[in-house]
Amino acid sequence: MKPDLSIEFVGIKFKNPVFTASGTFGYYGYEVVDLIPLEKLGAIVTKTITLEPRSGNAQPRIAEVTSGMLNTIGLQNIGVKSFVKEPLSNLLKIGSPVIVSVAGSSVNEYVETVKILNLYSGVSAIELNLSCPNLKKKIVCHDLPLMQDVVKSVKKVSNVPIIAKLSPLVTDISELAVMAQSAGADGITLANTYPAMAIDLKTFKSKLSTVKGGLSGACIKPMSVRCVYDAYQDIKIPILGCGGIMTGEDAVEFMLAGATVVSVGSASLVSPENLIKIIDEIEKILKEKNIKSVKEIIGAVNIVKNICQKGL
Ligand SMILES: Cc1cc2nc3c(=O)[nH]c(=O)nc-3n(C[C@H](O)[C@H](O)[C@H](O)COP(=O)(O)O)c2cc1C
């Protein structure tokens, strides 16, 4: 019998746990409609949208590194008022739930963007990108009162569930996740990219225009799995696991650590077909292990407590 891949996350039922990761799937997603059957995806998470259009950072803003990539796109997007016209209506025609990623430099920017999205039906959830800089150039989720204010204020106005996407660059990811939960988040995405840098030995220049950028891809997976595992111990709301998922095995690993669903970024930049492969591979793994439902593996990592050292 085929294992059941359907799953509930933030109160919504998805056909499987594999989502696209924000910003990594065409410009707004629907451009790749001819490449893969998009309706097979668990959900499509859009590129981050802001209140006003943003042109993003100067080129070069992508660099390949060992087992991963660096990016410094800088939230390039057409702004929410243009987004709700063509991209959103095209995305909603696909038949997979659409989660809109939202960012802002202030509480007001987040709230006003969500208020505009509220006017259009069909959006399943909002993912709050809390990894962008605030007005004082500090990352929003590193400014804890601001992070909580954003989550609380958006929760108050949003018609749909709120997923808080956190930066992994903190001393204690559980503490941050607990704070997002207490501010009213319905779910948490763990995690975004890791600050990193690469230098071109021909020119001695950084490979990115902004010198540093965000590291993603296979090389970050163990760090992101650890974030999910830690937060899962302390929060009650579900986790969307993200970071370096290249195969179905990687996705299962995130779910064993505590993720209810996962999102795939760099692997779909390598080939959008990887998303479909990952769904098929999860099904194969469950079948081989005689597991009837994907729900059974959430947080099912087998920790042998007596050999676990204190503090690990
Ligand atoms: C080119 C590129 C653009 C991205 N743009 C966004 C974005 O707009 N919003 C966001 O929340 N994350 C963005 N991300 C981060 C991804 O959504 C994801 O969290 C990260 O890449 C880790 O997953 P991965 O290792 O599967 O790529 C971007 C990543 C890449 C590589």
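Within any chain, residue numbers begin from 1 and follow the written order of that chain's sequence. Where totals are concerned, whole chains, interfaces and linings use all residues; where local detail is concerned, this predicted model gives features only for residues with pLDDT of at least 70, and gives and counts side-chain atom pairs only at 80 or more. Side-chain metrics in this entry use all non-hydrogen atoms of the structure; hydrogen atoms and water are not considered.

Draft legend 1. How the structure looks around helix α6 (residues 221-234). Taking 1.5 Å per residue as the helical rise, α6 with its 14 residues ought to reach 20 Å, and the 21 Å between its terminal C-alpha atoms agrees with that figure. With a 1.4 Å probe rolled over the protein chains alone, any residue whose accessible area is under 20% of its type maximum counts as buried; one over 50% counts as exposed, and the rest are partly exposed. Runs of H or I in DSSP of at least four residues are treated as helices and runs of E of at least two as strands, each being numbered from the N terminus. Among the residues making up α6, those that are buried are Lys221, Ser224, Val225, Cys227, Val228 and Ala231. Taken down its axis, α6 places every buried residue within 155° of arc, on the same side. How far a helix is expected to stretch is found by multiplying one less than its residue total by 1.5 Å. The arc under discussion is defined with respect to the helix axis, by the directions toward the C-beta atoms.

Draft legend 2. Structural context of the sheet that holds strand β7 (residues 98-102). Spatial strand order, β3-β16-β15-β10-β9-β8-β7-β4: eight strands in an open sheet with parallel pairing. The sheet is open, and its two borders are formed by β3 (18-20) and β4 (44-45), each paired with just one other strand. When DSSP finds two or more bridges between a pair of strands, those strands are recorded as paired. Here β3 pairs with strand β16 (residues 259-264) via three bridges, running parallel. Paired with Phe19 across the bridge in β16 is Ser263. The strands that helix α7 (residues 248-257) touches are β10 (187-190), β15 (239-242) and β16; relative to β16, the one it contacts most, it runs at about 145°. Where helix α9 (residues 273-288) meets the sheet, its contacts fall on β3 and β16, and the angle it forms with β3 comes to roughly 165°. In what follows, a contact means two residues having at least one pair of non-hydrogen atoms within 4.5 Å. Only C-alpha atoms enter the line fits that serve as axes; for helices the fit covers just the stretch in contact. Angles between N-to-C directions range over 0 to 180 degrees.

Draft legend 3. Region of the structure containing the pairing of strand β8 (residues 123-129). Taken across its seven residues, β8 has seven buried, putting it largely inside the fold. Pairing of β7 with β8 involves five bridges; the strand directions are parallel. When the bridges of β8 are listed, Ser101 appears paired with Glu127. In this fold, the crossover linking β7 to β8 by way of helix α3 (residues 107-118) has right-handed handedness. Sheet topology note: the β8/strand β9 (residues 162-165) ladder contains four bridges and is parallel. When the sheet's bridge partners are listed, Glu127 is paired in β9 with Ile163. If you view a crossover with the strands going away from you and the path from the first strand over the helix to the second runs clockwise, you call it right-handed.

Draft legend 4. Representation of the packing of helix α5 (residues 173-182) against α6 in the model. Following both chains from N to C, one finds α5 and α6 inclined at 55°, their axes separated by 8 Å at the closest point. In terms of axis orientation, α5 runs oblique to α6. Both α5 and α6 take part in a crossing whose hand is right-handed. Of the residues in α6, those touching α5 at Ile173, Ser174, Ala177 and Val178 are Arg226, Cys227, Asp230, Ala231 and Asp234. When residues are sorted by character, Ala, Val, Leu, Ile, Met, Phe, Trp, Tyr, Cys and Pro go into the nonpolar class, Asp, Glu, Lys and Arg into the charged class, and all the rest, Gly among them, into the polar class. Class assignment of the residues belonging to the contact of α5 with α6 gives a composition of five nonpolar, one polar and three charged. Each angle receives one of four descriptions, namely roughly parallel if under 35 degrees, roughly antiparallel if over 145, roughly perpendicular if within 65 to 115, and oblique otherwise. Should the near helix be turned anticlockwise from the far one by less than a right angle, the crossing is termed left-handed; should it be turned clockwise, right-handed.

Draft legend 5. Examining the site of the ligand more closely. Inspection of the region around the ligand gives 23 residues, with Ser22, Thr48, Gly217, Gly244 and Ser266 positioned closest. Residue Asn129 places a side-chain N or O atom 3.2 Å away from an oxygen atom belonging to the ligand. Compared with its free state, where it exposes 600 Å², the ligand has 96% of that area covered by protein. Residues of the shell around the ligand, tallied by class, amount to seven nonpolar, 14 polar and two charged. Working definition: residue near molecule or strand if any one of its non-hydrogen atoms lies within 4 Å of it. Polar contact is defined as a pair of N or O atoms within 3.5 Å, subject to the rule that within protein one atom must be able to donate a hydrogen and the other to accept it, and that residues adjacent in sequence are counted only when both atoms are side-chain atoms. Every accessible area reported is derived by Shrake-Rupley at a probe size of 1.4 Å, with residue values counting cover from the shown protein chains alone.

Draft legend 6. A look at the sheet that holds strand β5 (residues 62-65). Read across the open sheet, the four strands follow the order β5-β6-β14-β11; overall the sheet is antiparallel. What marks the edges here is a single partner per strand, and that holds for β5 and β11 (194-196). Across the sheet, the axes of successive neighbouring strands diverge by a mean angle of 35°, strand direction being ignored. In the sheet, β5 pairs with strand β6 (residues 68-71) via four bridges, with the strands oriented antiparallel.

Draft legend 7. Representation of the nonpolar core. Of all hydrophobic cores here, the largest spans 101 residues; its most connected members are Tyr110, Leu128 and Leu130. In terms of residue count, the dominant contributor to this core is α9 (seven residues). Apart from residues no more than four positions distant in its own chain, Tyr110 is found in contact with Val102, Ala103, Gly104, Leu128, Asn129, Leu130, Cys132, Val140, Val150 and Val154. In this description, a nonpolar core means a group of buried Ala, Val, Leu, Ile, Met, Phe, Trp, Tyr and Cys residues linked to one another through side-chain atoms lying within 4.5 Å.

Draft legend 8. Highlighting the pattern of salt bridges. The term salt bridge refers to a pairing of a side-chain nitrogen on Lys or Arg with a carboxyl oxygen on Asp or Glu at a separation within 4 Å. Tallied over the entire structure, the rule returns nine salt bridges. The partner of Lys115 in a salt bridge is Glu112, and the shortest N-O contact between them spans 3.6 Å. Placement of both Lys115 and Glu112 in helix α3 is noted, with a separation of three residues, approximately one turn of the helix. What makes Lys115 partly exposed here is its relative accessible area of 39%.

Draft legend 9. Inspection of the side chain of Thr113 at higher detail. Here Thr113 shows up in helix α3. On the accessibility criterion, Thr113 (0% relative accessible area) is buried. Not counting chain neighbours up to four residues away, the residues in contact with Thr113 comprise Ile49, Thr50, Leu51, Val80 and Val102.

Draft legend 10. Structural detail: a nonpolar patch on the surface. On the surface, Met197, Ile199, Leu201, Phe204 and Val211 cluster together into a nonpolar patch covering about 560 Å² of accessible area. Tracing the chain through its elements places Phe204 in the loop between β12 (199-200) and β13 (205-206). Patch membership requires over 30% relative accessible area and the absence of a salt bridge. Like charges are linked within 9 Å, and nonpolar side chains (Val, Leu, Ile, Met, Phe, Trp, Tyr) within 5 Å.

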